[in-house]
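Breakdown of the fold
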Amino acid sequence: MRINDDLTKPVTVHSAALDWIPSPAPGVDRKMLFRIGEEKARATSIVRYAAGSAFPPHTHTGGEEFVVLDGIFQDEHGDYPAGSYIRNPPGTSHMPASAGGCSIFVRLWQFRAEDRDQTVRRPGEGRKDTPRPGAESALILFDDGREQVRLEEWRAGAAVTVDNAEGLEFLVLKGSLTVDGERLERLAWGRLPAGTSLAAEAGADGAQVWMKRGPLMHADVCAF
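Reference entry: report on the structure contained in this document. The model shown is predicted, which means the values in this text are computed figures rather than measured ones.

Thoughts on the pattern of salt bridges
Oppositely charged side chains may form a pair once their charged atoms are brought near each other. Evaluation of the coordinates by the stated rule reveals 16 salt bridges. The partner of Arg87 in a salt bridge is Asp115, and the shortest N-O contact between them spans 2.8 Å. With Arg87 in strand E10 (residues 85-88) and Asp115 in the loop between strand E13 (102-108) and strand E14 (119-121), this residue pair connects regions lying 28 residues apart in the sequence. A relative accessible area of 1% places Arg87 in the buried class. Assessed through its relative accessible area of 1%, Asp115 is described here as buried. Between Glu152 and Arg150 there is a salt bridge, with the nearest N and O atoms lying 2.7 Å from each other. As far as the burial class goes, Glu152 and Arg150 line up, both buried. Among the ionic contacts, a cluster of salt bridges with common partners joins Glu65, Arg87, Arg107, Asp115, Glu147, Glu169 and Lys212.

Observations regarding the pairing of strand E21 (residues 188-192)
Working note: regular strand, side chains alternate between the two faces of the sheet. Most of E21 sits inside the fold, with five of its five residues counted as buried. Pairing between strand E2 (residues 11-14) and E21: four bridges, direction antiparallel. When the sheet's bridge partners are listed, Val13 is paired in E21 with Trp189. Alignment of strand E19 (residues 168-179) against E21, held across four bridges, turns out to be antiparallel. Counterpart to Glu169 in the pairing with E21 is Arg191.

Description of the packing of aromatic side chains
All chains considered together, the criterion is met by five aromatic pairs. Ring geometry for Phe73 against Tyr80: centres 6.4 Å apart, planes inclined by 35 degrees, an arrangement best described as tilted. The class for Phe73 is buried, based on a relative accessible area of 0%. Centroid distance Phe105 to Trp210: 5.2 Å. Interplanar angle 70 degrees. Geometry classified as edge-to-face. One end of the pair, Phe105, is in strand E13; the other, Trp210, is in strand E22 (residues 198-213), with 105 residues separating them in the sequence. Like Phe105, the residue Trp210 is buried in the burial classification. Among the aromatic residues, those joined into a cluster by ring pairs are Tyr49, Phe66, Phe73 and Tyr80. The lysine or arginine in question, Arg48, covers the ring of Trp20, its NZ or CZ lying 4.2 Å from the ring centre.

Observations regarding unusual backbone geometry
A positive phi angle, near 50 degrees, is found at Asn4, a position not held by glycine. With respect to the element layout, Asn4 can be found in the loop between strand E1 (2-3) and E2. Asn4 gets classed as partly exposed once you look at its relative accessible area, which sits at 29%. For Trp109, which is not glycine, the phi torsion reads 55 degrees and is therefore positive. Mapping Trp109 onto the fold places it in the loop between E13 and E14. For Trp109, a relative accessible area of 10% puts it in the buried group.

Examining the environment of Ala219
Relative to the elements of secondary structure, Ala219 occurs in the segment after E22. With a relative accessible area of 89%, Ala219 lands in the exposed category. Put simply, Ala219 and Ala113 are 106 residues apart on the chain and 9.6 Å apart in space, counted from C-alpha to C-alpha.

Looking at the side chain of Ser84
Within the fold, Ser84 resides in the loop between strand E9 (78-81) and E10. You can call Ser84 buried: its relative accessible area is 0%. Of note is the side chain of Ser84, whose polar atom sits 2.8 Å from the backbone oxygen of Pro81. Filtering out sequence-adjacent residues up to four positions away, Ser84 remains in contact with Phe66, Val67, Val68, Arg121, Arg122 and Pro123.

The rules we used
Residues numbered from 1 in each chain as written. Predicted model: local features only at pLDDT ≥ 70, side-chain atom pairs only at ≥ 80, totals over all residues. Heavy atoms only, no water. Salt bridge = Lys/Arg side-chain N within 4 Å of Asp/Glu carboxyl O. Helix = DSSP H or I, 4+ residues; strand = E, 2+ residues; numbered from the N terminus. Buried < 20%, exposed > 50% of the residue type's maximum accessible area, 1.4 Å probe, protein only. Pairing = 2+ DSSP bridges. Phe/Tyr/Trp six-rings, centres within 6.5 Å; stacked < 30°, edge-to-face > 60°. Lys NZ or Arg CZ within 6 Å of the ring centre and 35° of its normal. Polar contact = N/O pair within 3.5 Å; in protein donor to acceptor, adjacent residues only side chain to side chain. Contact = heavy atoms within 4.5 Å.

Here's what the structure looks like:
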């Protein structure tokens, strides 16, 4: 299975328009944004857990990072409310579940082979950064010198430019953006190759944007 696998081209996906696809675990469905592989895949997805659902215990051989979009995500290590950001590096394991239901944005099998940084950021946690023009706030969730993950709040109607020397992936968490005349609502996802800047205008309610800066696929990405 190959979905949006050409990393040399810009891509945007309106995830609200995608169908939910059942996973092997009852009550767990997903919307596929990027995928190379079958059940074992390099993948970027939005995953929905029905109330009381769980995924069997498993090890993340290729690493996992995710943002909790709504509800409360749970595993044996704790409860993570909406707005939490988690990085589980290669070799970590857990049994994900949600008693009340939740949805997450998740990236799998996209870690560097030697990446062992485990990170848990609950809502509001991170390192404050100087906001770029048009932004009200910027929070760095992770930065190891090879990639950076950040959360930004953009002012209503603001024109915002994000330079992109290495590669950029973004997700609209709240509000909306307009990019090249295309309106991107909540949970719209985009990916830009190195050298293509993100030039956007925030909507009337502003926007909250999750962004990852770095190579779209690391040269030393975990091997299957």
